[in-house]
Amino acid sequence: MNEIRNNQPNNEGEKNRAKIFWKHVGIIALALMLAVVTVFVLNLNR
Amino acid sequence: MNLGERILEIWQAVSGSSEMIVATSVSVFVFTVLYYYLIRFLVGNNSGSLVSLFVFTMLLSAGILTFIVNINSAIYLIIPALFILATVILYSVEIKRLLWSRRNIKLTDLKHGDGISYDEEKIQNCITEIIKALQNMSKNDVGAIIVLSTGNVPGQILDSGVRLDSDISSELIESVFSPNTPLHDGAMIINGTKIVAAGCFLPLSQNIDKIPKDLGTRHRAGIGVTETIDVMSFIVSEETGIISVARAGQITRYADTEILKRTLGRYYWQELESSRK
């Protein structure tokens, strides 16, 4: 069993967490940009 | 002009007038949250192309609407509404899985097998017993489905069978699946070192095209449960005795001792551990 446990790469988790974090930052930035565009367009007629 | 004034100026331009700044900020926040969840869901389901299409359509139509004067700009909201509708239609199964996810299940007190100690020896014993049972059933052409959960199987699936809450042993697993017994046709649900239930009915897979025609209802159920819930399942074919492993709607056939050991090791050391944090 120790063999199975030791086979898991240790820094893989760290790398994945960083990747997931930057993916979320990207999604938030994209969502924010689209939200600003939407509100800008909706306010055009006022 | 400093940065603060510049941002205020841009914000006023977005708002249309200085009185609308608060309302604009709230609207931007609401739309950001909405778009964030929509994009995160699509990215999580490998639909990067749909996200690109969404962004492209939004920007293009915003550009067009900016130059058309006599039109109600509220028409712009049709585009996100259409994309949300398309997402709900295309990903109804995934949305169901999201609603049944771990966080919701915790609230409904469906977590089973908690309070048990996950010491190394006990886990090693469980892995050995499960592999022994699977290989014995494979040798004797006894059909079986074993689902490895982290306490995230919905109550309605558990209630469709018989609750056991017993320790894992190869004898018990083989007895449950031995032909002509009341529970042999359903699935066995394992959570950690406990068998939670047996004889459970599982949702069948929706991806009929992806599953080879020679696989029957047992395989479709074994794959189907992994499509809707974040679990993995072992399926032993009654006709051929082949052991398969299903995970996230994908099936790996001809699982030997090494694959079974690796899969169970990953379940016990990684997934179960992280679900308990």
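Residues numbered from 1 in each chain as written. Chains lettered and ligands numbered in written order. Predicted model: local features only at pLDDT ≥ 70, side-chain atom pairs only at ≥ 80, totals over all residues. Heavy atoms only, no water.

Caption draft 1: Here's a closer look at the environment of N45(B). Here N45(B) lies in the loop between α2 (21–44) and α3 (48–67). In this structure the C-alpha to C-alpha distance between N45(B) and E94(B), which are 49 residues apart in sequence, comes to 8.1 Å. (Helix = DSSP H or I, 4+ residues; strand = E, 2+ residues; numbered from the N terminus.)

Caption draft 2: How the structure looks around the confidence of the model for chain A. Averaged over every residue, the pLDDT of chain A is 74; the share at 70 or more is 61%. This model gives residues 1–10 of chain A a pLDDT under 50, and the stretch forms ten contacts once residues within four places in sequence are excluded. (pLDDT = per-residue confidence, 0-100. Contact = heavy atoms within 4.5 Å.)

Caption draft 3: Region of the structure containing α3(B). Residue and element names in this part refer to chain B. The terminal C-alpha atoms of α3, which comprises 20 residues, lie 29 Å apart, in line with the 28 Å expected from a rise of 1.5 Å per residue. Buried within α3 are the following residues: L50, V51, F54, V55, M58, S61, A62 and L65. Along the axis of α3, the buried positions cluster into a sector of 145°, meaning they face one direction only. In α3, those exposed residues whose orientation departs by more than 90 degrees from the buried face are S49, F56 and F67. (Expected span 1.5 Å × (residues − 1). Buried < 20%, exposed > 50% of the residue type's maximum accessible area, 1.4 Å probe, protein only. Arc of directions from axis to C-beta.)

Caption draft 4: Examining the interface of chain B and chain A more closely. With 36 residues of chain B at the contact, the number on the chain A side is 26 residues. Roughly 2800 Å² of surface becomes buried between chain B and chain A when both sides are summed, with 76% attributable to carbon and sulfur atoms. Inspection of the region where chain B meets chain A yields zero salt bridges. Where chain B meets chain A, there are two residue pairs in polar contact (both at pLDDT 80 or more). For the side of chain B that touches chain A, the secondary-structure elements that each account for two or more residues are α1 (3–15), α2, α3, α7 (120–139) and α11 (257–276) of chain B. By residue number, the principal contributor to the side of chain B that touches chain A is α2(B), which donates ten residues. Here the residues of the side of chain B that touches chain A sort into 23 nonpolar, ten polar and three charged. (Buried area = accessible area lost by both parts, 1.4 Å probe. Salt bridge = Lys/Arg side-chain N within 4 Å of Asp/Glu carboxyl O. Polar contact = N/O pair within 3.5 Å; in protein donor to acceptor, adjacent residues only side chain to side chain. Nonpolar A, V, L, I, M, F, W, Y, C, P; charged D, E, K, R; others polar.)

Caption draft 5: Spotlight on α2(B). Residues and elements named next belong to chain B. Here α2 spans 34 Å end to end across 24 residues, near enough to the 34 Å set by a 1.5 Å rise per residue. Considered for burial, the residues of α2 that qualify are I21, T24, V28, F31, T32, Y35, Y36, L38, I39, F41 and L42. With its phi angle positive at about 55°, N46 sits one or two positions after the end of α2.

Caption draft 6: Summary view of the confidence of the model for chain B. Residues and elements named next belong to chain B. Averaged over all residues, the pLDDT of chain B is 83; the fraction at 70 or higher stands at 90%. pLDDT under 50 marks residues 103–116. Its contacts with residues more than four places away, or in other chains, come to 27 contacts. For this predicted complex, the interface score ipTM comes out at 0.77, while the overall pTM is 0.56.

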